[in-house]
Amino acid sequence: MIVALALLLGSALVGWLAPRQLVRLADPVVALVAWLVSVVAVIATVAGAMFLLFLPDHGLGALTVFHHCWDSLQHGSGPTVEAVSGLTGAALLTALLARVAVVGRRTARRRAHEGRQHLDVLRIAARRDPGPHPTLWLEHDRPLAFSLAGKPGVVVATDGLHRHLTPAQVQAVLTHERAHLEGRHHLLVTIGDVVAATLPFLPLFKRAAIAVREFVEMAADTAAVRAHGAENVRVALLRVAGHGAPGAALAMSRDAVETRLARLQQRRHAPSAVRRLLSCGLAGAAAMALPAIAAVGALTALMLLVCPYG
Amino acid sequence: MQGLGELETAVMEVLWRDPGPQRVRDVLDALNTERDLAYTTVMTVLDNLHRKGWVSRERDGRAYRYVATRNREDAVANALRALLDSAKDPESVLLRFARSVSPRESEVLRRALDDTAADQ
């Protein structure tokens, strides 16, 4: 019971406090990995706590629990608090995860459908640059660039880019968009949105949508900076963002333009692939273990408080 | 289907290049300078484009004559506006290099840009 409560407390602590630390991570790819693994870790730790409540004697098997339950019902006393709360918690968690799965599937399908529809319209009027991720060029004066997921994912860009940016800046924009497709950022954004929509409890879940969006933009910026230099990305960002809004709905709201500009200004050189892989692995492992570590910490603190002479 | 999609683009190219009403045969001849397409293929593609509202047609004897409903620039502008102004959050489907900003924010960004230019 105590261990289970400590695990729940550890999960809550991580869900509450981790976002503040995660947004400070210098490498956006590492931050993305750490954030999403933390989400999984918190859910897994809560599930572990339910399991421990459900099986207070640590692995004697579900049958024993039912036997206990049956026994206690026969003797007129209710089943133990642990078993009841464990069962309730497990049922709640299962229902929540089922909802995440259902909403996730529906959202992914709807977005894929909308993406195909958009593409169907744009494709007809576009000139196509072939490649692993083809670029569709549109004759339009406003400088615009975006990527659409799919098989294959495509980059859509307007000729306006050429009129408002230097060739190197145009290449920086295209590299940025291709980085979205190569990093499967559309999928990550969808995962973040679904987590935020279906698990609105802790900052780690609630802020996942916004955080993932900001991190993927920064990750794509990093790729563009590595290929074309920070100054090209910075000027391209300013020129494209500053180019009049088509509709009020699109005013910069949760966009991270300012954060991105600030990061581009203090950019050190991008980490090597090996170093990044290593940092991602370490961050992932740390994030996975953190709720349990927090639980151990909480348990130790509790024992020191309650049994100071033990 | 990728192949059909590319054909739609190619057929629209032909209609945009020569804005007068064209029969399936005319479009086929224009396309077949570089490839070998069947009459029925082009007819199907034009039929699809008509259904999607890209071309209009009028009967001329036993065949139809096809015209693009709008020129390429208008088509692109329409498509982009529909995409970016769509009521359903377009940002959820596409990741944009930079979202447009409000006039005030635009002013701040413009000044930042001027500073950058002055630094160089």
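Residues numbered from 1 in each chain as written. Chains lettered and ligands numbered in written order. Predicted model: local features only at pLDDT ≥ 70, side-chain atom pairs only at ≥ 80, totals over all residues.

### Some thoughts on the overall build of chain A
And step 1. Along its length, chain A carries 12 helices and four strands.
And step 2. In chain A, of all internal contacts separated by at least 6 residues, the share reaching a separation of at least 24 is 69%. (Helix = DSSP H or I, 4+ residues; strand = E, 2+ residues; numbered from the N terminus. Contact = placed C-beta atoms within 7 Å.)

### A closer look at the overall build of chain B
And step 1. Counting secondary structure elements, chain B contains five helices and three strands.
And step 2. For chain B, the sequential pattern of α-helices and β-strands runs α-α-α-β-β-α-β-α.
And step 3. Taking all 120 residues of chain B together, the buried fraction comes to 28%. (Buried ≥ 20, exposed ≤ 12 C-beta atoms within 10 Å, placed from the backbone.)

### Re the sheet that holds strand E3 (residues 94-96) of chain B
And step 1. Reading across from one edge, E1(A)-E2(A)-E4(A)-E3(A)-E3(B) is the order of the five strands in this open sheet, with mixed pairing throughout. A strand with exactly one partner marks an edge of an open sheet, and here the two such strands are strand E1 (127-129) of chain A together with E3 of chain B. Shown here is a sheet whose adjacent strand axes are inclined to one another by a mean of 25°, direction ignored.
And step 2. Bridging between strand E3 (residues 145-148) of chain A and E3(B) involves three bridges; their strand directions are antiparallel. Of the residues in E3(B), the one forming a bridge with Phe146(A) is Arg96(B).
And step 3. Contacts from helix H4 (residues 81-125) of chain A reach strand E2 (135-138), E3 and strand E4 (154-158) of chain A, with the element oriented near 60° to E2(A). (Pairing = 2+ DSSP bridges. Axes fitted to C-alpha atoms, helices over the stretch in contact; angles between N-to-C directions.)

### Topic: the pairing of strand E1 (residues 55-60) of chain B
Residues and elements named next belong to chain B.
And step 1. Looking at chain direction, E1 and strand E2 (residues 63-68) are connected through six bridges and run antiparallel. Bridge pairing in E2 places Asp-60 opposite Ala-63.
And step 2. The loop that links E1 with its antiparallel partner E2 comprises two residues; one of these, Gly-61, has a positive phi angle of about 70°.

### Remarks on the pairing of E4(A)
Residues and elements named next belong to chain A.
And step 1. Most of E4 is tucked away: five of the five residues are buried.
And step 2. Burial of the side chains of E4 extends over both faces: Val-154, Val-156 and Thr-158 are buried on one face and Val-155 and Ala-157 on the other.
And step 3. Where E2 meets E4, four bridges bridge the pair, whose relative direction is parallel. By the bridge assignment, Leu-136 is partnered in E4 with Val-156.
And step 4. Where E3 and E4 come together, four bridges link them in antiparallel fashion. Within E4, the position partnered with Phe-146 by the bridge is Val-156.

### Observations concerning the packing of helix H2 (residues 28-54) of chain A against helix H12 (residues 273-306) of chain A
Residues and elements named next belong to chain A.
And step 1. At a closest axis distance of 8 Å, the pairing of H2 and H12 adopts a crossing angle of 25°. Accordingly, the angle class assigned to the pair H2 and H12 is roughly parallel. When the axes of H2 and H12 are compared, the crossing they make is right-handed. In contact with Val-29, Val-30, Val-33, Ala-34, Val-37, Ser-38, Ala-41, Val-42 and Thr-45 of H2, H12 contributes Arg-276, Ser-279, Cys-280, Ala-283, Gly-284, Ala-287, Met-288, Leu-290, Pro-291 and Ala-292.
And step 2. Of the residues in the contact of H2 with H12, the class split is 14 nonpolar, four polar and one charged. (Parallel < 35°, antiparallel > 145°, perpendicular 65-115°, else oblique. Left-handed = near helix turned anticlockwise from the far one by under 90°. Nonpolar A, V, L, I, M, F, W, Y, C, P; charged D, E, K, R; others polar.)

### Here we look at the confidence of the model for chain A
When pLDDT is low, close inspection of the predicted coordinates is not appropriate.
Residue and element names in this part refer to chain A.
And step 1. Across chain A, the average pLDDT comes to 82, with 84% of residues at 70 or higher.
And step 2. Within chain A, the lowest mean pLDDT, 59, falls on helix H3 (residues 62-74), and the highest, 93, falls on helix H6 (residues 167-182).
And step 3. Below a pLDDT of 50 lies the segment residues 244-254, which in the model reaches 25 contacts outside its immediate sequence neighbourhood of four places, other chains included. (pLDDT = per-residue confidence, 0-100.)

### Some details on helix H9 (residues 208-228) of chain A
And step 1. The terminal C-alpha atoms of H9(A), which comprises 21 residues, lie 30 Å apart, in line with the 30 Å expected from a rise of 1.5 Å per residue.
And step 2. Just beyond H9(A), the residue with positive phi is Gly229(A), at close to 90°. (Expected span 1.5 Å × (residues − 1).)

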